[in-house]
Protein chains: 2
Amino acid sequence: MEIKIMKNILDRNQNKANEVRNLLVSKNIVMVNIISSPGAGKTSLLERTCEHFGTKFRLGVIEGDVTTDRDAQRLKKYNIPIVVINTEGGCHLDSHSISKVLDSFDLDNLDLLLVENVGNLICPSQFDLGETFKLAVVSTTEGDDKPAKYPMLFRDARAVLLNKIDLIPYTNFSYTSFRNDLTAINAGIPLFEISCTRGDGMDDWYRWIENQILSPEDNHDSVR
Amino acid sequence: MEIKIMKNILDRNQNKANEVRNLLVSKNIVMVNIISSPGAGKTSLLERTCEHFGTKFRLGVIEGDVTTDRDAQRLKKYNIPIVVINTEGGCHLDSHSISKVLDSFDLDNLDLLLVENVGNLICPSQFDLGETFKLAVVSTTEGDDKPAKYPMLFRDARAVLLNKIDLIPYTNFSYTSFRNDLTAINAGIPLFEISCTRGDGMDDWYRWIENQILSPEDNHDSVR
């Protein structure tokens with residue numbers, strides 16, 4: 001009974017996600033659904049990325065949070081359009097809330113829409129938002145076992161950002177274990193080893209996301 | 001419609017949680033529902049706590065995980081009864097799964113049952129397991145804004161463990177911000193500042209949890 005209800009919820013989410021995806025494809029907009037644990041560094045990644053691309057591309061941000069607009073406040077200085085979705089306790093964004101807030105953006109003047117999902121490694125990976133692709137962010141201080149223990153996201157993501165590599169010397173994080181587990185789940189997935197606070201590895205990430213922006217027609221996850 | 005369904009699910013969970021709680025009270029068992037983000041240090045806390053109390057009290061562990069038994073494997077060396085609940089994608093434990101696995105323990109020979117919930121700061125806090133109390137674990141590397149951004153858990157918990165204080169020198173974590181936010185949500189809640197890897201602050205935690213074990217009749221969250 002609960003399984004049937006969950007299927008109905010997911011089906012309705014999928015229908016709306018397909019609408020969102022078709023709209024974004026028609027407007028040549030790349031939308032990235034950024035998913036991580038709380039505190040893995042999604043907002044720091046947005047800060048770096050908005051700073052780097054703020055004049056080169058037309059950016060927009062959707063900030064998903066259980067409550068507060070703290071993350072959005074951190075991004076105000078970049079003068080890009082930001083919309084906050086407070087889920088009021090909800091553990092993930094869904095395609096209906098994304099569809100509603102898309103009206104707030106000038107879709108004819110937008111290249112890249114960065115969606116910071118609610119901090120949660122599980123539920124957000126089950127809800128298609130109509131994104132071009134999912135991006136997994138994971139930090140070294142969470143331990144090297146996250147791909148094995150939370151495989152859904154790492155299976156579905158287009159790329160993985162391993163953040164906080166500057167803190168590795170102070171932890172027992174093993175690159176080898178992390179990479180082996182990730183490869184077992186999603187062989188060949190691009191992996192960027194970065195430090196958003198110190199700036200390590202950001203250039204490779206910028207190059208990769210720029211390629212996604214410049215050829216959006218090749219890059220949309222197929223409409224399901 | 002979705003709200004009504006969620007209410008039914010929560011009502012059924014609550015009924016079973018009340019049963020579990022009554023059973024635990026009758027057996028003088030303290031059950032701790034340990035909740036945190038992925039990688040905040042729940043399993044490391046269990047390792048330290050099992051090592052410390054392994055001969056003094058009769059312990060048991062329930063390991064909740066989306067998949068794998070990796071956390072349970074880490075605890076095998078303590079020779080205490082451990083049961084793994086794999087949620088197969090589910091984002092939290094519920095009282096029905098706890099009720100089922102309680103049969104695996106010898107409840108007449110158990111003082112402290114430590115439940116490691118699924119790594120998730122949101123959903124587990126909505127589901128009463130029948131625990132004596134909830135324990136919030138949060139790590140400094142997640143940032144100082146977690147109580148403000150995920151208030152539900154910090155409002156309901158009996159105590160907060162702030163883990164990974166050994167890593168503070170390498171982060172921008174602010175004790176003042178953290179404490180101010182926590183106090184605004186739950187003034188007077190016991191806060192233990194610890195490092196499970198280095199051992200800092202563990203003695204205060206051991207003393208506190210020992211007090212909970214020695215007088216369980218005063219400590220059960222009231223049956224709702």
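Here, every reference points to the structure presented above.
Notes on the structure follow.

Rules used throughout
- Residues numbered from 1 in each chain as written.
- Chains lettered and ligands numbered in written order.
- Predicted model: local features only at pLDDT ≥ 70, side-chain atom pairs only at ≥ 80, totals over all residues.
- Heavy atoms only, no water.
- Salt bridge = Lys/Arg side-chain N within 4 Å of Asp/Glu carboxyl O.
- Helix = DSSP H or I, 4+ residues; strand = E, 2+ residues; numbered from the N terminus.
- Buried < 20%, exposed > 50% of the residue type's maximum accessible area, 1.4 Å probe, protein only.
- Least-squares fit on C-alpha atoms with pLDDT ≥ 70 in both.
- Contact = heavy atoms within 4.5 Å.
- Pairing = 2+ DSSP bridges.
- Axes fitted to C-alpha atoms, helices over the stretch in contact; angles between N-to-C directions.
- Buried area = accessible area lost by both parts, 1.4 Å probe.
- Polar contact = N/O pair within 3.5 Å; in protein donor to acceptor, adjacent residues only side chain to side chain.
- Nonpolar A, V, L, I, M, F, W, Y, C, P; charged D, E, K, R; others polar.
- Parallel < 35°, antiparallel > 145°, perpendicular 65-115°, else oblique.
- Left-handed = near helix turned anticlockwise from the far one by under 90°.

1. Examining the pattern of salt bridges
Logical step 1: All chains considered together, the criterion is met by 32 salt bridges over all chains.
Logical step 2: We note a salt bridge from A:Glu210 to A:Lys56, for which the minimum N-O separation is 2.9 Å. Taken as a pair, A:Glu210 in helix H8 (residues 202-214) and A:Lys56 in the loop between helix H2 (42-53) and strand E2 (59-65) lie far apart in primary sequence, 154 residues in all.
Logical step 3: A salt bridge links B:Arg179 to B:Glu193; its shortest N-O distance comes to 3.0 Å. With a gap of 14 residues between them, B:Arg179 in helix H7 (residues 175-185) and B:Glu193 in strand E7 (residues 191-193) connect regions that are remote in the sequence.
Logical step 4: In this structure B:Arg179 comes out as partly exposed when scored by relative accessible area, which is 36%.

2. Considerations on the relation of the copies chain B and chain A
For these two chain copies, the linking operation is a rotation about an axis paired with a shift along it.
Logical step 1: With an axial shift of 0.0 Å and an RMSD of 0.0 Å, the rotation relating chain B to chain A amounts to 180 degrees. With respect to symmetry, the two chain copies, as superposed, fit the operation of a two-fold axis.
Logical step 2: Here 97% of the contact residues of chain B are again contact residues in chain A; the copies associate through an equivalent surface.

3. Focus: the sheet that holds E2(A)
Residues and elements named next belong to chain A.
Logical step 1: If you walk across this open sheet you meet the 7 strands as E3-E2-E4-E1-E5-E6-E7, and the pairing is parallel. Where the open sheet ends on each side, the last strands, each with one partner, are strand E3 (82-86) and strand E7 (191-193). In this sheet, neighbouring strand axes are inclined to one another by 20 degrees on average, regardless of whether the strands run parallel or antiparallel.
Logical step 2: Where strand E1 (residues 30-35) meets strand E4 (residues 112-116), 5 bridges bridge the pair, whose relative direction is parallel. Bridge pairing links asparagine 33 to valine 115 in E4.
Logical step 3: On the sheet, helix H4 (residues 95-102) packs against E1, E2, E3 and E4 and is oriented at approximately 145 degrees with respect to E3.

4. Brief notes about the interface of chain B and chain A
Logical step 1: Residue-level contacts link 37 residues of chain B with 36 residues of chain A.
Logical step 2: With both sides pooled, the region where chain B packs onto chain A buries about 3000 Å², and carbon together with sulfur makes up 58% of that total.
Logical step 3: Put simply, chain B and chain A have 6 salt bridges between them.
Logical step 4: For the salt bridge of B:Asp181 with A:Arg70, the shortest nitrogen-to-oxygen distance reads 3.0 Å.
Logical step 5: Here chain B and chain A share 11 residue pairs in polar contact (both at pLDDT 80 or more) between them.
Logical step 6: Looking at the side of chain B that touches chain A, the elements that each hand over two or more residues are helix H1 (2-26), helix H3 (70-75), helix H5 (146-149) and helix H6 (151-156) of chain B.
Logical step 7: Broken down by element, the residue count for the side of chain B that touches chain A peaks at 4 residues, all from H1(B).
Logical step 8: Of the residues assigned to the side of chain B that touches chain A, the class counts are 15 nonpolar, 11 polar and 11 charged.

5. Brief notes about the sheet that holds strand E4 (residues 112-116) of chain B
Residues and elements named next belong to chain B.
Logical step 1: One open sheet holds the 7 strands; their spatial order is E3-E2-E4-E1-E5-E6-E7, and the pairing between them is parallel. Two strands close off the open sheet at either side, each with one partner strand: strand E3 (82-86) and E7. Within the sheet, the average angular offset between the axes of one strand and its neighbour, ignoring direction, is 20 degrees.
Logical step 2: Bridging between strand E5 (residues 133-139) and strand E6 (residues 159-163) involves 5 bridges; their strand directions are parallel. By the bridge assignment, serine 139 is partnered in E6 with asparagine 163.
Logical step 3: Strands in contact with helix H4 (residues 95-102) are strand E1 (30-35), strand E2 (59-65), E3 and E4; relative to E3, the strand with the most contacts, it is inclined by about 145 degrees.

6. Overview of the packing of H2(A) against H8(A)
Residue and element names in this part refer to chain A.
Logical step 1: Running from N to C, H2 and H8 point in directions that differ by 65 degrees, and their axes come no closer than 11 Å. By the angle between their axes, H2 is roughly perpendicular relative to H8. Here the hand of the crossing between H2 and H8 comes out right-handed. Every residue of H8 that contacts H2 at Leu45, Arg48, Thr49, His52 and Phe53 is listed here: Met202, Trp205, Tyr206, Ile209 and Glu210.
Logical step 2: When its residues are assigned to classes, the contact of H2 with H8 shows 6 nonpolar, 2 polar and 2 charged.

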